[in-house]
Amino acid sequence: MPSLDESNIFQDTLEYFVNGGKIKKRGNVELSLALKTLEDVSKSKGLSPEDIISLIKVAASGYHGDVISCKLIKCLVPASQFPVRAVELALSFMCTSKPSNKVQATLLRLLIAVYDYIDEKETVQKLGYLLFYFIENTVLTPYVCHLLYLLTRKEDVRLYRVRKLLELQTKLGPQPYLIGLLSIYKLYFPNLVSIVIPNTRKQFFPTRDRQWYAVIKEVQERNQAADTAHMKSSLELSEKLQAAELSMLHGIPPAKRRKVDPIPVVHSSSSKLTVKLSSRLMAMLEEKPLPFIQIQNIETLLKNPDRVELPSQMGAALRSPLLQCFMSYNADPLMTSRFSYWIQDTLCEKLLYSTQTPACFPEIESILKKLIQFTEFIQEGIPVVDKVLFRYLQIWNGLDFRQEIFRLVSRCRLYPFSVLNENILEPLRKLFVRTSVFIKCQVMLCLTQLLQNYAMVEIPRYNQKYPEAKPGISVFEDDIGMFDPLTSVIELIGYVDRLASVGLALENDHNILLHFTLSFYELVSTLHARYGLPFVYLPSRHMIRALLCDNATGPARLCGVINSYKSNCQMLKDDATNNEIEIPGYQKKETIHSLNILILDLCDSLWRRKAFSHGRNDSYLNFDLEHLATEASDGLSLYLHQAFLPFALLFLKETQPKEDIGHPKGIKNVRDMFMEFLQRENIGEIKDFILNTITRYRNSTSDTKNKV
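What this report covers is the structure whose coordinates are included nearby.

What counts and what doesn't
- Residues numbered from 1 in each chain as written.
- Predicted model: local features only at pLDDT ≥ 70, side-chain atom pairs only at ≥ 80, totals over all residues.
- Heavy atoms only, no water.
- Helix = DSSP H or I, 4+ residues; strand = E, 2+ residues; numbered from the N terminus.
- Buried < 20%, exposed > 50% of the residue type's maximum accessible area, 1.4 Å probe, protein only.
- Salt bridge = Lys/Arg side-chain N within 4 Å of Asp/Glu carboxyl O.
- Phe/Tyr/Trp six-rings, centres within 6.5 Å; stacked < 30°, edge-to-face > 60°.
- Lys NZ or Arg CZ within 6 Å of the ring centre and 35° of its normal.
- Contact = heavy atoms within 4.5 Å.
- Axes fitted to C-alpha atoms, helices over the stretch in contact; angles between N-to-C directions.
- Parallel < 35°, antiparallel > 145°, perpendicular 65-115°, else oblique.
- Nonpolar A, V, L, I, M, F, W, Y, C, P; charged D, E, K, R; others polar.
- Core = buried A, V, L, I, M, F, W, Y, C linked by side-chain atoms within 4.5 Å.
- Expected span 1.5 Å × (residues − 1).
- Polar contact = N/O pair within 3.5 Å; in protein donor to acceptor, adjacent residues only side chain to side chain.
- Left-handed = near helix turned anticlockwise from the far one by under 90°.
- Patch = residues over 30% accessible without salt bridge, like charges linked within 9 Å, V, L, I, M, F, W, Y side chains within 5 Å.
- Areas by Shrake-Rupley, 256 points an atom, 1.4 Å probe, with all protein chains shown as cover.

## Details of the environment of Gln294
Okay, step 1: With respect to the helices and strands, the residue Gln294 is situated in the loop between strand S1 (290-291) and helix H15 (298-303).
Okay, step 2: Assessed through its relative accessible area of 23%, Gln294 is described here as partly exposed.
Okay, step 3: Measuring from C-alpha to C-alpha, the distance between Gln294 and Glu309 comes to 9.8 Å, with 15 residues separating the pair along the chain.

In structure tokens:
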């Protein structure tokens, strides 16, 4: 708590500015001390609503000149909430000729900075029409457009306002702030705005007062921490939380809610109706907007989709499942535009512009996790989030928020491969080659999930969007132009394939990395059967490295992957419609030829015992026989392979007498039984592979079953 002397000094400072006469500026030590005291108090604990109202009268009047007035305005840091009365006074003085353009611009910057902390936004929305009268003042235009963008409702859009904005655009050129405000108008009434809004994700209103924003947020967090520390017991805390929930349930925002969490709560301008109305009166009010805060279940939401009044801040969707349902159900461009603006501004501020410290990590992680939950719910990526990720990945250290960043990357939209390579793949490649094997595995998992997202979600969405000109099926539309999505996917698979080859070479075929690499190949091998993609992409020759693994899961999963490739190639061959599709850079015959070679190599190694003596020049295992021992070809057989030797010995112990176990070579004559044993040990992929590739073994197996 401040001491009595500090309180007296601050009160004297207020009296100096509020009730004092004309202040001398040059060489005035008392003025300097008063400004220093006011600045220190505002930065340390903020100002109360009463003090803000008193000071804004002096500052907005311009009585003490531009320099002092601007300094006073920058000291108006709210301790809790910013009073709506101060907003009314600021706009009232702006309508007079007293404050200069510089003071008026500073006042508008203040209102933008404290917008999330204003206690009654509905009153500010009613006063929004006053701001439009300042739209022609070129000094104020950027700030007026920014505020109007935040305040504009459907009933605020008028034809004369659209015409005025178009006139300004003709005069000033296509300024981002004018385009931003026109985009909101066009979302409400497309017939009034005839110009084409450029589909760019550039920020319409870049943050100019980051230091000012940081001071306001720091004060809010400090006061919140102080309040929490002074709570007497957990019972008092529980009572306050219950009271806050009850007040929100009835549409009344808490009286002293502090904006520490950057994600806003659901709040509507018409949310103060708490009296239970009669059925007749409710029928009379049936056509009036229904504040979203009064909707308590999905049934009410579905019955009144056209009457719902959106919250003041669409960022509240991250904390409201009901609002997320409404966004996915309604897909209103206005909602998505407002949400996109909020999330882009928030992520840019947290990830790109501000200095990240360990103290702010929990807050950023909370935002990213809620954003991930939202994208998982709507089953699509958000274009503005992709753009922020593109910029953040260029400066990312690979450690901060790694799990969250990878999850967001895996939900990225489908882009031409050149865009993906420059903005996502290249930063991940740099991280991949210079980090440990465990981070390499995370990168491989991220890219595998990205490919699955493209095959399962993005390609069907793209195909419905362009060739047949159907209505969009996305919540967030993003027109990135026409390109061949299959080519992008094939090039992505080839890139990840080469990256995996480099990673296995760097890590000496580490078993964990090999596991994630084979998981990627398993997905690639089933793209046609599971997702209907009209191609089968066979990885490069390094895939055979799994056969040389000292872990049984490596060769077994490799057999499963090749078996899947074989069945998908057969399905693709039988599908006549896919044979008519031509994909640039994809050679179907070469893929089938390479797959046949790989199948022969596996059969020669595991079953025929001639891994290196097959006599083929196009083999994946093409070594000079002069440098290999005669018995080398047996080394990769099913019962002598280093990965299967433990299973071979266990098999011999179970089937042979203890005094004469014998050598694993003896399994040669009972390979059928050994494969049954491997299947019992959950390594059944090898038996399935042999059944599908060795005709003689398949026929003998079927004959045995028939005899039985």
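## Topic: the pattern of salt bridges
Oppositely charged side chains can pair when the atoms bearing their charge come close.
Okay, step 1: As enumerated under the stated definition, the model contains 24 salt bridges in all.
Okay, step 2: For Lys217, the salt bridge is made with Glu221, and the minimal N-O distance between the two is 3.9 Å. Here Glu221 and Lys217 lie together in helix H12 (residues 210-229), a separation of four residues that amounts to about one turn.
Okay, step 3: Exposure remark for Lys217: the relative accessible area of 22% places this residue in the partly exposed category.
Okay, step 4: Salt bridges sharing common partners tie together Lys217, Glu221, Lys350 and Glu363.

## Comments concerning the packing of aromatic side chains
Okay, step 1: According to the stated counting rule, one finds 18 aromatic pairs in the structure shown.
Okay, step 2: When the ring of Phe651 is compared with that of Phe674, the centres are 5.4 Å apart and the planes differ by 70°; the resulting orientation is edge-to-face. Taken together, the residues Phe651 in helix H29 (residues 645-655) and Phe674 in helix H30 (residues 671-680) connect sequence positions 23 residues apart.
Okay, step 3: Overall, Phe651 belongs to the buried group, its relative accessible area being 5%.
Okay, step 4: Site record: aromatic cluster; members linked through ring pairs are Tyr149, Phe204, Phe205 and Tyr341.
Okay, step 5: Between the NZ or CZ atom of Arg161 and the centre of the ring of Phe132, over which it lies, the distance is 5.5 Å.
Okay, step 6: For the cation-ring pair, Arg210 lies above Tyr353, with the distance from its terminal atom to the ring centre recorded as 3.7 Å.

## Side note on helix H19 (residues 383-395)
Okay, step 1: Taken as a whole, H19 has its buried residues at Pro383, Val384, Val385, Asp386, Val388, Leu389, Phe390, Tyr392 and Leu393.
Okay, step 2: In this fold, the buried residues of H19 make contact with helix H17 (333-353), helix H18 (361-378), helix H20 (402-410) and helix H21 (417-433).

## Some points on the packing of helix H4 (residues 66-74) against helix H6 (residues 101-113)
Okay, step 1: Where H4 contacts H6, the two axes come as close as 9 Å, and the packing angle between them is 5°. It follows that H4 is roughly parallel to H6 by the angle criterion. On the side of H4, the interface is formed by Asp66, Ser69, Cys70, Ile73 and Lys74, while H6 contributes Lys102, Val103, Thr106, Leu107, Arg109 and Leu110.
Okay, step 2: Partitioning the contact of H4 with H6 into residue classes produces five nonpolar, two polar and four charged.

## Topic: the environment of Glu507
Okay, step 1: By the secondary structure assignment, Glu507 is in the loop between helix H23 (485-506) and helix H24 (511-525).
Okay, step 2: Along the chain, Glu507 and Ser436 lie 71 residues apart, while their C-alpha atoms are 8.8 Å from each other.
Okay, step 3: The contacts of Glu507, once residues within four sequence positions are left out, are Thr435, Ser436, Val437, Lys440 and Leu513.

## What about the nonpolar core?
Okay, step 1: If you look at the biggest cluster of nonpolar residues, it comprises 219 residues, and the most contacted ones within it are Phe17, Phe82, Phe339, Ile562 and Phe674.
Okay, step 2: Of all the elements, helix H22 (residues 437-465) adds the most residues to this core, at 13 residues.
Okay, step 3: Leaving out residues up to four positions away in the same chain, Phe17 has contacts with Ile23, Leu31, Ala34, Leu35, Leu38, Leu55, Val58, His64, Ile68 and Leu72.

## Observations concerning helix H11 (residues 176-188)
Okay, step 1: Spanning 13 residues, H11 covers 19 Å between terminal C-alpha atoms, matching the ideal 18 Å at 1.5 Å per step.
Okay, step 2: For H11, every residue scored as buried is listed here: Tyr177, Leu178, Ile179, Gly180, Leu181, Leu182, Ser183, Ile184, Tyr185 and Tyr188.
Okay, step 3: Along its buried surface, H11 packs onto helix H9 (141-151), helix H10 (159-172) and H17.

## Some details on the side chain of Thr336
Okay, step 1: Within the secondary structure, Thr336 sits in helix H17.
Okay, step 2: A residue is classified by how much of its surface remains accessible, and Thr336, at 9% relative accessible area, is buried.
Okay, step 3: In contact with Thr336, other than residues within four places in its own chain, are Met327, Val475 and Phe476.

## Description of the environment of Asn137
Okay, step 1: Summarising the element assignment, Asn137 is placed in the loop between helix H8 (128-131) and H9.
Okay, step 2: We classify Asn137 as partly exposed; its relative accessible area is 22%.
Okay, step 3: Along the sequence, Asn137 and Asn101 sit 36 residues apart, while their C-alpha atoms lie 8.5 Å from each other.
Okay, step 4: A distance of 3.0 Å separates the side chain of Asn137 from the side chain of Asn101, its partner in a polar contact.

## Structural notes on the packing of H6 against H9
Okay, step 1: Running from N to C, H6 and H9 cross one another at 30°; their axes reach a closest spacing of 9 Å. Between H6 and H9, the interaxial angle falls into the category roughly parallel. Remark: the crossing between H6 and H9 carries left-handed chirality. Contacts from Ala105, Leu108, Arg109, Leu111 and Ile112 of H6 reach H9 at Tyr143, Val144, His146 and Leu147.
Okay, step 2: In terms of residue class, the contact of H6 with H9 is made up of seven nonpolar, one polar and one charged.

## A look at unusual backbone geometry
Okay, step 1: Phi at Asp509 is positive, roughly 55°, even though this residue is not glycine.
Okay, step 2: Tracing the chain through its elements places Asp509 in the loop between H23 and H24.
Okay, step 3: With a relative accessible area of 28%, Asp509 lands in the partly exposed category.
Okay, step 4: Even without glycine at this site, Asn682 takes up a positive phi of about 65°.
Okay, step 5: With respect to the secondary-structure elements, Asn682 resides in the loop between H30 and helix H31 (685-693).

## Re a nonpolar patch on the surface
Okay, step 1: A surface patch of nonpolar side chains, about 280 Å² in accessible area, is lined by Ile298, Leu302 and Tyr329.
Okay, step 2: Position of Leu302 relative to the elements: it lies in helix H15.
Okay, step 3: For Leu302, a relative accessible area of 43% puts it in the partly exposed group.

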